[in-house]
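Structural features, examined
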Amino acid sequence: MERLQKVIASAGITSRRKAEKLMEEGRVTVNGEVVKELGTKVTVGNDVVEVDGVPLDKEQPIYFLLYKPKSIISAVSDDKGRKVVNDFLPDVEQRIFPVGRLDYETSGALLLTNDGDFAHLMMHPRNKIVKTYIAKVEGRPSKENLKKLERGIHLEDGKTAPAKVNVKSSNKSGNSSIIEISIHEGKNQQVRRMFEHIGHKVIKLKRESYAFLTLHGLEPGDSRELKPIEIKKLRDLAEKE
């Protein structure tokens, strides 16, 4: 038998601390009875545990970091027969899906999971999960234009939140520049549109990191399963906001 809050957390619904709060609020039932006592233990596989009337998913939650190659669709399938991110994890039996998306020509760090609550937590703008990109852009942006990105700019779907921008290099002729940019939002093709707004088209784009997760040790198309401590740290980052 295991403590109820641990069973809820292990199912990927939320953190153990949040599970305790759900219990205290009377939102958890065991075999149809509301359970608020935090010391309650249940038998996994026998007792029916529900949160807000929804049974815990019996499928074990899993979490992957994929180095998405460019020219790949961030989806579970494609009606045009193009390759999708799930094609790079063919041996995973669970029905996983990408957390957010990277556009077709953008490569880099992408999370995949079967845990819908975790995905929502990662993608919700208020949780401010920082994603860092390396962009190769046409020309050499002026300091003033880079300041605009840092302050936030007005796109057709609203003003962007302040970004962190760092020029890594520019070629001698000034034809192109390599710029690191960190944002916590996920508007459609946001980084590309931000640079186009200041007059510098993106030539190549890669998401270098997702929060503290990097692509270290991975090649395009490679993936690895996240460690429990990494999953907990991601949850903690989101839930502290």
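First, a word on what this report is: a plain description of the structure on this page. Because the structure is a prediction, the values reported are computed rather than measured. (Residues numbered from 1 in each chain as written. Predicted model: local features only at pLDDT ≥ 70, side-chain atom pairs only at ≥ 80, totals over all residues. Heavy atoms only, no water.)

**Describing the side chain of T113**
- When you line up the elements, T113 lands in strand β9 (residues 107-113).
- Relative accessible area serves as the criterion here: at 0%, T113 is assigned to the buried category.
- The residues touching T113, leaving out its near neighbours within four places in the chain, are I62, Y63, R95, I96, F97, V99, F118 and A119. (Helix = DSSP H or I, 4+ residues; strand = E, 2+ residues; numbered from the N terminus. Buried < 20%, exposed > 50% of the residue type's maximum accessible area, 1.4 Å probe, protein only. Contact = heavy atoms within 4.5 Å.)

**As for the pattern of salt bridges**
- A full pass over the atoms with the stated rule returns 14 salt bridges.
- Residue E239 pairs with R17 through a salt bridge whose shortest N-O separation is 3.9 Å. Here R17 lies in helix α2 (residues 16-24) and E239 lies in helix α6 (residues 228-239), a separation of 222 residues in the sequence.
- For the salt bridge of D103 with R192, the shortest nitrogen-to-oxygen distance reads 3.0 Å. Linking D103 in the loop between β8 (97-98) and β9 with R192 in helix α5 (residues 190-197), this pair joins segments that are 89 residues apart in sequence. Both residues of the pair, D103 and R192, belong to the buried class. (Salt bridge = Lys/Arg side-chain N within 4 Å of Asp/Glu carboxyl O.)

**A closer look at the pairing of strand β14 (residues 176-183)**
- Burial within β14 is extensive, with six of its eight residues counted as buried.
- Inspection of the sheet shows strand β10 (residues 131-138) paired to β14 by eight bridges, in the antiparallel sense. Among the inter-strand pairings, I134 is bridged to a residue of β14, identified as E180.
- Sheet analysis places strand β13 (residues 164-170) next to β14, joined by six bridges and oriented antiparallel. Looking across to β14, one finds that N166 is bridged to E180.
- Between β13 and the antiparallel strand that follows it, β14, lie five residues; G174 among them carries a positive phi value of about 80°. (Pairing = 2+ DSSP bridges.)

**Description of the environment of G116**
- Note that G116 resides in helix α3 (residues 116-123).
- Since its relative accessible area comes to 43%, G116 is described here as partly exposed.
- G116 sits 19 residues away from F97 along the chain, and the two C-alpha atoms are 9.0 Å apart.

**Details of the packing of aromatic side chains**
- This model, assessed by the stated rule, comprises one aromatic pair.
- Each ring, one from Y63 and one from F118, has its centre 4.9 Å from the other, and the planes form 75°; the classification is edge-to-face. With a gap of 55 residues between them, Y63 in strand β7 (residues 63-68) and F118 in helix α3 connect regions that are remote in the sequence. For the pair formed by Y63 and F118, the shared burial category is buried.
- Just above the ring of F212 sits the side chain of K233; from NZ or CZ to the centre is 4.4 Å. (Phe/Tyr/Trp six-rings, centres within 6.5 Å; stacked < 30°, edge-to-face > 60°. Lys NZ or Arg CZ within 6 Å of the ring centre and 35° of its normal.)

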